[in-house]
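The lines below spell out each chain.
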Amino acid sequence: MRVPGIIYTSEKLMRGMGEDEGPRQVANVAHLPGIVTASLAMPDMHWGYGFPIGGVAAFEMEEGVVSPGGVGYDINCGCRLMATRLQAEEIRDRLQALVTALFQNIPSGLGSRGVLKLSAKDERQVLTEGALWAVRHGYGTEGDLEMTEDRGVMAGADPEKVSDRALERGKDQLGTLGSGNHFLEIEVVEEIFDREAAAVFGLESGQICVMIHSGSRGLGYQVCDDYLARMVKHIHEIGIPLPDRQLACAPLNSGRGRDYLAAMACAANYAWTNRQLLMHRTREIFEKTLGMGPRELGMGLLYDVCHNIAKIETLPVGGKDVRLCVHRKGATRAFPPGHTALPPAYRKVGQPVLIPGDMGTGSYVLAGTQSAFTESFGSTCHGAGRVMSRTRAVKASRGRSIPKEMADRGVIVMASGKGTLMEEIPEAYKDLDEVVEVVHRAGLSKKVARLRALGCIKG
DNA sequence: ATGTTC
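Let me begin by describing the structure that accompanies this report. What you see is a predicted model, and the numbers here were worked out from it, not measured in a lab.

The rules we used
- Residues numbered from 1 in each chain as written.
- Chains lettered and ligands numbered in written order.
- Predicted model: local features only at pLDDT ≥ 70, side-chain atom pairs only at ≥ 80, totals over all residues.
- Heavy atoms only, no water.
- Helix = DSSP H or I, 4+ residues; strand = E, 2+ residues; numbered from the N terminus.
- Buried < 20%, exposed > 50% of the residue type's maximum accessible area, 1.4 Å probe, protein only.
- Contact = heavy atoms within 4.5 Å.
- Areas by Shrake-Rupley, 256 points an atom, 1.4 Å probe, with all protein chains shown as cover.
- Near = heavy atom within 4 Å.
- Polar contact = N/O pair within 3.5 Å; in protein donor to acceptor, adjacent residues only side chain to side chain.
- Nonpolar A, V, L, I, M, F, W, Y, C, P; charged D, E, K, R; others polar.
- Salt bridge = Lys/Arg side-chain N within 4 Å of Asp/Glu carboxyl O.
- Pairing = 2+ DSSP bridges.
- Axes fitted to C-alpha atoms, helices over the stretch in contact; angles between N-to-C directions.
- Expected span 1.5 Å × (residues − 1).
- Core = buried A, V, L, I, M, F, W, Y, C linked by side-chain atoms within 4.5 Å.
- Phe/Tyr/Trp six-rings, centres within 6.5 Å; stacked < 30°, edge-to-face > 60°.
- Lys NZ or Arg CZ within 6 Å of the ring centre and 35° of its normal.

## Notes on the overall build of chain A
Thinking step 1. For chain A, the count of helices and strands is 17 helices and 17 strands.
Thinking step 2. If one aligns the C-alpha atoms of chain A with their principal axes, the spans along those axes are about 65 × 50 × 50 Å.
Thinking step 3. Of all 459 residues assigned to chain A, the portion counted as buried reaches 61%.
Thinking step 4. Pairs at least 24 residues apart make up 80% of the contacts formed inside chain A by residues separated by at least 6 positions.
Thinking step 5. Of the roughly 17300 Å² of accessible surface on chain A, 50% is carried by carbon and sulfur atoms.

## Regarding the protein's contact with DNA strand B
Thinking step 1. Around DNA strand B, the surrounding shell holds 18 residues, and the nearest of these are L110, R169, G180, N181 and R217.
Thinking step 2. The sugar and phosphate moieties of DNA strand B supply 52% of its atoms located within 4 Å of the protein.
Thinking step 3. R217 places a side-chain nitrogen or oxygen 2.6 Å from a phosphate oxygen of DNA strand B.
Thinking step 4. Between E424 and DNA strand B, the recorded distance is 3.4 Å, taken from a side-chain N or O atom to a phosphate oxygen.
Thinking step 5. Sorting the residues of the surface near DNA strand B by element identifies α8 (164-170) and α10 (217-233) as the ones contributing at least two each.
Thinking step 6. The element that contributes the greatest number of residues to the surface near DNA strand B is α10, accounting for four residues.
Thinking step 7. For the surface near DNA strand B, the class distribution of residues is three nonpolar, nine polar and six charged.

## Here we look at the pattern of salt bridges
Thinking step 1. Per the counting criterion, the structure on display carries 35 salt bridges.
Thinking step 2. Notably, a salt bridge pairs R281 with E284, separated by 2.6 Å at the nearest N-O pair. Here R281 and its partner E284 are both found in helix α11 (residues 255-290), three residues apart, which amounts to about one turn of the helix.
Thinking step 3. On the basis of relative accessibility, which here comes to 30%, the residue R281 falls in the partly exposed class.
Thinking step 4. Taking the relative accessible area as the measure of exposure, E284 reaches 34% and is therefore partly exposed.

## Brief notes about the side chain of S112
Thinking step 1. Mapping S112 onto the fold places it in the loop between α4 (95-105) and α5 (120-129).
Thinking step 2. What makes S112 buried here is its relative accessible area of 10%.
Thinking step 3. The contact partners of S112, leaving out residues within four places of it in the chain, are P107, D172, Q173, T176, G178 and R217.

## Focus: the sheet that holds strand β10 (residues 308-317)
Thinking step 1. The strand order β1-β2-β3-β11-β10 describes an open sheet built from five strands, whose pairing is mixed. Sheet topology places β1 (5-7) and β10 at the edges, where each strand pairs with a single neighbour. Neighbour-to-neighbour, the strand axes of the sheet open up by a mean angle of 25 degrees, direction not taken into account.
Thinking step 2. Strand direction decides the pairing type here: β10 and strand β11 (residues 320-329), joined by 10 bridges, are antiparallel. Residue pairing for β11: L315 is matched across the bridge by V322.

## A few points about unusual backbone geometry
Thinking step 1. Notably, T37 is not glycine yet its phi reads approximately 65 degrees, a positive angle.
Thinking step 2. Relative to the elements of secondary structure, T37 occurs in the loop between α2 (22-29) and β2 (39-46).
Thinking step 3. Non-glycine residue R151 carries a positive phi angle of around 55 degrees.
Thinking step 4. Considering the arrangement of structural elements, one finds R151 in the loop between α7 (142-146) and α8.

## Describing α10
Thinking step 1. Over its 17 residues, α10 extends 25 Å from the first C-alpha to the last, a length consistent with the 24 Å expected when each residue adds 1.5 Å.
Thinking step 2. Turning to α10, its buried residues number three or more, namely R217, G218, L219, G220, Q222, V223, C224, Y227, L228 and M231.
Thinking step 3. Where α10 is buried, its residues contact β4 (65-66), α5, α8, β7 (207-214), β8 (250-251) and α11.

## A short note on the nonpolar core
Thinking step 1. I186, F201, L203, F286 and F377 are the most contacted members of the largest nonpolar core, which has 94 residues in total.
Thinking step 2. Broken down by element, the residue count for this core peaks at seven residues, all from strand β17 (residues 445-458).
Thinking step 3. Setting aside residues no more than four positions away along its own chain, F201 makes contact with L302, Y346, V349, G350, Q351, P352, V365, L366, A367 and V448.
Thinking step 4. Core analysis: the next-biggest nonpolar cluster, separate from the first, contains 54 residues, F51, M154, L167 and I238 among them.

## Topic: the environment of Y364
Thinking step 1. Along the chain, the position of Y364 falls in strand β14 (residues 362-368).
Thinking step 2. The sequence separation of Y364 and K447 amounts to 83 residues, and the corresponding C-alpha distance is 7.5 Å.
Thinking step 3. Setting aside its immediate chain neighbours within four residues, Y364 contacts F193, V353, L354, I355, L432, D433, V436, K447, A449 and R450.
Thinking step 4. A distance of 2.5 Å separates polar atoms of two side chains, one belonging to Y364 and the other to D433.
Thinking step 5. In this structure the side chain of Y364 is engaged in a polar contact, spanning 3.4 Å, whose partner is the side chain of R450.

## What about the packing of aromatic side chains?
Thinking step 1. For the coordinates displayed, the defined rule picks out seven aromatic pairs.
Thinking step 2. With a centroid separation of 5.7 Å and 65 degrees between ring planes, the pair formed by Y227 and Y260 is classed as edge-to-face. Placement of Y227 in helix α10 and of Y260 in helix α11 is noted, with a sequence separation of 33 residues between them.
Thinking step 3. Classification of Y260 as buried rests on a relative accessible area of 0%.
Thinking step 4. A network of ring pairs unites the aromatic residues Y49, Y73 and Y221 as a single cluster.
Thinking step 5. Lying across the ring of F193, K447 places its NZ or CZ 4.4 Å from the centre.

## Overview of the side chain of T369
Thinking step 1. Assignment of secondary structure puts T369 in the loop between β14 and α13 (370-375).
Thinking step 2. For T369, a relative accessible area of 12% puts it in the buried group.
Thinking step 3. There is a polar contact of 3.1 Å between the side chain of T369 and the backbone nitrogen of A372.
Thinking step 4. T369 has contacts with A334, F335, P336, P337, G443, L444, S445 and K446, leaving out every residue within four places of it along the chain.

So far we have only geometry, and geometry alone does not tell us how the molecule works.
Okay, here's the thing in structure tokens:
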């Protein structure tokens, strides 16, 4: 190991990890060339492809590497939260109608196709412009871009570096939710922990919000797969033996490294466009179902932030500002108060951090901190994190009616695939409250509000 | 996460 491994966790969460390979993977990552300070993991960490999910690793630009496994298969998987002007009691009687309408009008599930069929030219524009493409075509407003991390566009995207197969998979999946842990959820603000930050973010108790958790769909998957294959082929050129082939990577200053970053940026832009379209459709569905106008409904974007990405960022290392390639795989950016990357409206309190829970549980809104900036490369956790494999979860769900169990917990869940619900049972995940408590106490982000799920659509 | 191994 070139640097230490550091896991932010609690005794309870660590015990729950059992034989999980995550901690070993934290150590494996610490072998990579150019890694800076430490290989980190957040309390929601668990086994992933090469790098642990919930992992953070930063590499210096000259000697360092970029690794597709350090980003994950779902490039720019992330969350966006919309804050409505509605109070929970106003929509109690319309909740089922809303969930049904969302389920019927938002394509979800494995291989789902969207309403849009992109021309080759439009798809290239999506890949370079990101969420701006959606806004230019009438799906949302300039204000939405203001509240999206990096305004919903990553620089350096080059569609020439994206394979024909990835382009093919992407052309009809825009505006689709996907499968697995992805969801669109109607939630109510249940508890406020930080009144000042909540007020700045426009959150109040009893308020209805909508959380969208989705990513870059088949296109991002294909980009990851293509570049893993290419990097594994040249793995010997790294010059040192790697503890795991799944750590396949390329020097940041190599052709392969630059090509991956250019293709990854395309997938990131696709994901931001996707969440922008999902949000626009959600606004239309709320308006139609409730018979209300946009003014009355609110439904402004509170924030959109990704949790699977590699980004070139300037961060303090040993008291000096250094340009680094920060890999966040199942980890969320959590930039501090005053940082220029934040929308001016939020600069006083820090970046909104959106933490999706497991199915039907709800979400947290946190705020980024100065300690995250100096300690964890401006990063915090990304969710509850699996504690059970998908296959184990399916086994544990046999003979049960998951929708009924969710209904008994007071959450309406509609899903296109029965298998997904079985994989996503709450007991397959860690305790979200415990995960958030760890990052809060460690100072990596501070609790602002907890939202409880009311209705949820899934793949 | 993923047209769940073209």
